[in-house]
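Inside the fold
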Amino acid sequence: MPYLTTGLIDNTTVERVRQSSRLTVEISNKDTSTVAIQIEGFLQSGTTKVKYVDEFFTLAAGTVELRTYYVQFDAYEFQFFVSSQFVDVSAWGKDVAGKITTAFRIIVEEVI
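The text that follows walks through the structure, step by step, so that each part is easy to find. Here the structure is a predicted model, which means the values were calculated and not measured. (Residues numbered from 1 in each chain as written. Predicted model: local features only at pLDDT ≥ 70, side-chain atom pairs only at ≥ 80, totals over all residues. Heavy atoms only, no water.)

Observations regarding the packing of aromatic side chains
Considering all chains together, one arrives at seven aromatic pairs under this definition. For the pair Y52 and F73, a centre-to-centre distance of 4.9 Å together with 70° between the ring planes defines the contact as edge-to-face. A residue pair is termed long-range when its members are at least 10 positions apart, and Y52 in strand β7 (residues 48–59) and F73 in the loop between β8 (64–70) and β9 (75–82) qualify at 21 residues. We classify F73 as buried; its relative accessible area is 17%. Aromatic pair Y70 and F73: ring centres 5.6 Å apart, planes at 85°, arrangement edge-to-face. One aromatic cluster in this structure is built from Y52, Y69, Y70, F73, Y76, F78 and F104. One Lys or Arg, K49, reaches over the ring of F42 and ends 4.9 Å from the middle of that ring. Its guanidinium or amino end placed over the ring of F57, R67 lies 3.9 Å from that ring's centre, counting from NZ or CZ. (Phe/Tyr/Trp six-rings, centres within 6.5 Å; stacked < 30°, edge-to-face > 60°. Helix = DSSP H or I, 4+ residues; strand = E, 2+ residues; numbered from the N terminus. Buried < 20%, exposed > 50% of the residue type's maximum accessible area, 1.4 Å probe, protein only. Lys NZ or Arg CZ within 6 Å of the ring centre and 35° of its normal.)

Here's what the structure looks like:
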């Protein structure tokens, strides 16, 4: 099962405004069968990661799912567990007006 992550994203305020207030995630199932998806979101509190999103759902073959998450934190990370290598995950930070501020790289995390 592929394990994907945004890595830790710095979202500290600049002149009292955060770069991103929401994170939009697009998950596309290019497999020929239904796949399982688990999304976990963490905020950084000091030196501790605190889970605040924990979702599990299935996605039919050939479909796309959009999810939006609150990210008004100094730092956060999202992790994606997908049951197929034929699932694409994309993520964008958006400001309070809903405009895209950053497209984030989703990388394969090496599990040891």
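Following the structure, the description resumes.
Topic: the pairing of β9
For β9, the buried fraction is high: eight of the eight residues fall into the buried class. What you see with β9 is no split at all: A75, E77, Q79 and F81 on one side and Y76, F78, F80 and V82 on the other are buried throughout. Across two bridges, strand β2 (residues 9–10) lies against β9 in antiparallel orientation. Of the residues in β9, the one forming a bridge with I9 is Y76. (Pairing = 2+ DSSP bridges.)

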